[in-house]
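An overview of the molecular structure
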Amino acid sequence: MQNFYPGSVLETGWDIIFFWVARMVMLGIHLTGKVPFKEVYCHPMIRDAHGRKMSKSLGNVIDPLDVIQGLSLEALHQKLYEGNLEEKEIAKAKAGQKKDYPKGIPQCGTDALRFALCAYSGGGTSIQD
């Protein structure tokens, strides 16, 4: 706690300001007497190629490390089992992955991903694949 609380910046999406960020602030002040972070950096909503919000419960979330390093389709499918999706949702997510990433995710590198995300963070409310 002494080393990591409070932090300086929280990075998050606009959609969870009330649900999580406000609660983090209230609970942090209640338990420690300190605000948990000084600044909040809000990024646009991240959406998939079909306009749906990226969500673990839909199985359409992509790990940024997989974009940086690249990932085969089979490895992408295996990641679906790491969450708490039901088998029928996994089947749907696999079909979506096969359609969207038939050869897996190609390696793009750290700088390319950072540049793309920074370019989108200047305005707007959505980033869509």
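The present account deals with the structure reproduced in this document. (Residues numbered from 1 in each chain as written. Predicted model: local features only at pLDDT ≥ 70, side-chain atom pairs only at ≥ 80, totals over all residues. Heavy atoms only, no water.)

Note that strand 1 (residues 9–13) and strand 2 (residues 39–43) share five bridges and pair parallel. Each bridged residue has a counterpart across the sheet, and for Glu 11 the counterpart in strand 2 is Tyr 41. (Pairing = 2+ DSSP bridges. Helix = DSSP H or I, 4+ residues; strand = E, 2+ residues; numbered from the N terminus.)

The peptide bond linking Tyr 5 to Pro 6 adopts the cis configuration, its omega dihedral lying at 0 degrees. Within the secondary structure, Pro 6 is located in the segment before strand 1.

In this structure the tally under the stated criterion is one aromatic pair. When the ring of Phe 18 is compared with that of Phe 19, the centres are 5.7 Å apart and the planes differ by 75 degrees; the resulting orientation is edge-to-face. Phe 19 gets classed as partly exposed once you look at its relative accessible area, which sits at 46%. (Phe/Tyr/Trp six-rings, centres within 6.5 Å; stacked < 30°, edge-to-face > 60°. Buried < 20%, exposed > 50% of the residue type's maximum accessible area, 1.4 Å probe, protein only.)

Attention now moves to the nonpolar core. In a soluble, globular protein the nonpolar side chains are often hidden away together inside. The biggest cluster of nonpolar side chains holds nine residues, and these are Ile 62, Val 67, Ile 68, Leu 71, Leu 73, Leu 76, Tyr 101, Ile 105 and Leu 113. Elements supplying a minimum of two residues to this core: helix 2 (64–69) and helix 3 (73–79). Ignoring sequence-local partners within four residues, the contact set of Leu 76 consists of Ile 62, Leu 71, Gln 97, Tyr 101 and Ile 105. (Core = buried A, V, L, I, M, F, W, Y, C linked by side-chain atoms within 4.5 Å. Contact = heavy atoms within 4.5 Å.)

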